[in-house]
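Working through the structure, step by step
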Amino acid sequence: MINCALILAAGQGKRIKSKLPKVLHKVCGKEMVNHVIDTMREAGFQEVNVIIGKGADRVKSDTSSREVSYSLQEEQLGTGHAVMCAAEYLKDKKGTVAIFTGDAPLIQVDTVKKFLAYHEEEKNSATLLSSIVSDATGYGRIVRNGSEVVKIVEHKDCTPEQLQIKEINAGMYLFDIEELLASLKSLSNNNSQGEYYLTDVVGILKSQGRKLGALPIDFQETLGVNSRGELAIAEDIMRKRINKKHMDNGVTIIDPTSTYIGVDVEIGQDTIIYPNNVLEGKTIIGEDCILYPNCRICDSIVKDNVTVQSSVILNSEVGEGTDVGPFAYIRPESVIGKNTRIGDFVEIKKATIGDGTKVSHLTYIGDAEVGKDCNFGCGTVVVNYDGNKKHKTIVGDNVFVGCNTNLVSPVMVKNNSYIAAGSTITKEVPQGSLAIARAKQVNIDGWVEKRGLFKKKNK
Ligand code: UD1
Ligand code: CA
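Cut-offs used in this document
Residues numbered from 1 in each chain as written. Chains lettered and ligands numbered in written order. Predicted model: local features only at pLDDT ≥ 70, side-chain atom pairs only at ≥ 80, totals over all residues. Heavy atoms only, no water. 1 Å grid on protein atoms, 1.4 Å probe; cavity = no way out; pocket = protein on both sides within 12 Å on 5 of 7 lines; lining within 4 Å. Points joined across faces, edges and corners; volume = space filled by probe spheres on them. Helix = DSSP H or I, 4+ residues; strand = E, 2+ residues; numbered from the N terminus. Nonpolar A, V, L, I, M, F, W, Y, C, P; charged D, E, K, R; others polar. Axes fitted to C-alpha atoms, helices over the stretch in contact; angles between N-to-C directions. Parallel < 35°, antiparallel > 145°, perpendicular 65-115°, else oblique. Left-handed = near helix turned anticlockwise from the far one by under 90°. Contact = heavy atoms within 4.5 Å. Donors = N, O, S within 2.8 Å, 3.2 Å for Na, K, Ca; no water. Buried < 20%, exposed > 50% of the residue type's maximum accessible area, 1.4 Å probe, protein only. Core = buried A, V, L, I, M, F, W, Y, C linked by side-chain atoms within 4.5 Å. Domains from an automatic or database assignment. Patch = residues over 30% accessible without salt bridge, like charges linked within 9 Å, V, L, I, M, F, W, Y side chains within 5 Å. Areas by Shrake-Rupley, 256 points an atom, 1.4 Å probe, with all protein chains shown as cover. Salt bridge = Lys/Arg side-chain N within 4 Å of Asp/Glu carboxyl O. Lys, Arg positive; Asp, Glu negative; His and termini not counted. Charge placed at Lys NZ, Arg CZ, Asp CG, Glu CD. Near = heavy atom within 4 Å. Polar contact = N/O pair within 3.5 Å; in protein donor to acceptor, adjacent residues only side chain to side chain. Sits in = over half its atoms within 2 Å of the grid points.

Computed from the structure, the largest pocket encloses a volume of approximately 1,200 Å³. Lining the largest pocket are 40 residues, with R15, K22, T79, D103 and N226 positioned closest to its centre. Elements supplying a minimum of two residues to the lining of the largest pocket: β1 (4-9), α3 (79-84) and β10 (167-176). Tallying contributions element by element places β10 first for the lining of the largest pocket, with four residues. Looking at side-chain class alone, the lining of the largest pocket contains eleven nonpolar, 20 polar and nine charged residues. Along the walls of the second largest pocket sit 21 residues, with T39, E42, Q108, V109 and R241 positioned nearest its centre. Where the lining of the second largest pocket is concerned, the elements lending two or more residues are α1 (32-42), α5 (109-122) and α10 (228-248).

So this is what it looks like as structure tokens:
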């Protein structure tokens, strides 16, 4: 039997005050709803149906990589109504359905597995996850009679006594599908918010004498994000988990409170990360690297033994043993070879740089292929743009580019050639030659004195 999961993601999320649907806000680089989808899948819920409504197209496109199905809730009349909108999806299914909210991204795979095992062992009609908290503001309260779960009351509908209850509803449920579908028919919207609450299903099942359960778990896993403040709390909790995972794997993180690593980032053993580093997207960092402070590395592959300092690397690859920075900017689609040096104030864009090449300072290389063991003098510019089109420059192996050279693209510089400092190269430089492309120096004797410009103190 395949267990299926519904994820509620149709609300706009008024309290987060955003143009973006709430569930698409990211925590550690991944949309909240995608966190929930991925966790459910990993916990064994292969079939996932996402209930969409507000910003449906955007939610669909931002979850499209997950291959889920969708149910549409055109008007958001409450969480119970949202599940009714998935009735079509559920109607021929039997067994257990998990219903999770798309705004609670911190729930973990092992917890979901335990939850399912508990539900099955207890043979419950419905089981929910709860948490004991000191401040329950905003959450539904679990009303128990002794140890038995009786119902859930939403914060806004609580009596003063119920407001004192510290056990809250996490918004994560397992239901017997047929019983759920039957009890949804008895839901009403006769409450303070005029909504059809999914939480009322619990009381309905109880009144039919069904067996219910609630499993209390750590509040850090149940946190629901309704506001920007809660978004920052969720980010903080997830960040600590991610950093701990990397430290457990043998990565040194000098100051975990100021190290920001996305959920999908991989880092090799014995790499050392200094404060204020931001690693994003599908970045992979090798072993024995040192990331000195203030780097942002996004969707990039950094091989072993690389050092990076105060630099930005986007959608690029950096070979083994290379030094980057300080203050280098490696822009998308660049491939930097092994044992190279990309030094201070160097910008590389859509270029390949061969092994052993040194680009040490104040240089721009864009739309170019550069060979091995070259040396770029300070202030080299690849003039790749003619105001209309981008052109490509090709530099061979063992080329020495003198300081303050312009390589006007498209141009070819062949192997083992030299370019004199200050040259503006517009024609091919043949193999083994020296190119000088600058005006010859002329000295005019006594010119200063003739012009009466001699300063007395110089006499
Ligand atoms: C809900 C629970 C509350 C629980 C809390 C846990 C209900 C009535 N209340 O409250 O008991 O303590 O979660 O975080 O269920 N959504 C829809 N369609 C709708 C309304 C909401 O899809 O018509 C989706 C939202 O996009 C969101 C989720 O359901 O992802 C939860 O909705 P939200 O309004 O945040 O519920 P809470 O007030 O937090
Ligand atoms: Ca919520």
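So that's the structure; there's more coming.
Let us now look at the packing of α1 against α5. For any two helices packed against each other, one specifies the crossing angle of their axes together with the interaxial distance. The N-to-C vectors of α1 and α5 enclose an angle of 55°; their axes lie 9 Å apart at closest approach. Relative to α5, the element α1 lies oblique. The interaxial crossing formed by α1 with α5 has right-handed handedness. In contact with T39, M40 and E42 of α1, α5 contributes V109, V112 and K113. Considered class by class, the residues forming the contact of α1 with α5 number three nonpolar, one polar and two charged.

To continue, consider the coordination of the calcium ion (ligand 2). Around the calcium ion (ligand 2), the protein contributes the donor atoms D103 (OD) and N226 (OD1), which lie 2.4 to 2.5 Å from the metal centre. Placement of D103 in the loop between β6 (96-101) and α5 and of N226 in the loop between α9 (219-222) and α10 is noted, with a sequence separation of 123 residues between them. Residue D103 is classed as buried on the basis of its relative accessible area, which comes to 13%.

With that settled, consider the nonpolar core. By size, the foremost hydrophobic cluster in this structure holds 60 residues, and its most contacted members are L279, I348, I365, F376 and L407. Residue assignment for this core shows that the elements contributing at least two residues are α10, β27 (341-349), β29 (358-366), β30 (368-370) and β36 (411-413). Here this core takes five residues from α10, the largest share from any one element. Each of domain 1 (2-222) and domain 2 (251-435) gives at least three residues to this core. In contact with F376, other than residues within four places in its own chain, are T357, K358, V359, S360, T363, I365, V370, V395, V401 and L407.

Our next topic: a positive patch on the surface. Where like charges cluster on the molecular surface, the positive patch consists of K14, R15, K54 and K156. Here K54 is to be found in the loop between β4 (47-52) and α2 (56-63). Owing to a relative accessible area of 37%, K54 belongs among the partly exposed residues under this scheme.

It is common to report an interface's size as the accessible area lost on association of the parts. Domain parsing of the chain yields domain 1 (2-222) and domain 2 (251-435). In this structure, domain 1 and domain 2 have C-alpha centres spaced 48 Å apart.

A few words on the site of ligand 1. In the vicinity of ligand 1 lie 24 residues, with Q73, G78, T79, E154 and N169 positioned nearest. One of the side-chain nitrogen or oxygen atoms of R15 is found 3.4 Å away from an oxygen atom of ligand 1. Between ligand 1 and T79 there is a distance of 2.7 Å, counted from an oxygen atom to a side-chain nitrogen or oxygen. Within the complex, the protein chains bury 91% of what would otherwise be the 760 Å² of accessible surface of ligand 1. The cavity that encloses ligand 1 is the largest pocket.

Take unusual backbone geometry next. Note the cis peptide between G325 and P326, where omega equals 0°. By secondary structure assignment, the location of P326 is in the loop between β24 (323-324) and β25 (329-330). Cis peptide bonds are those with omega within 30 degrees of zero, and the linkage from S409 to P410 qualifies with 0°. Take P410: it is sitting in the loop between β35 (406-408) and β36.

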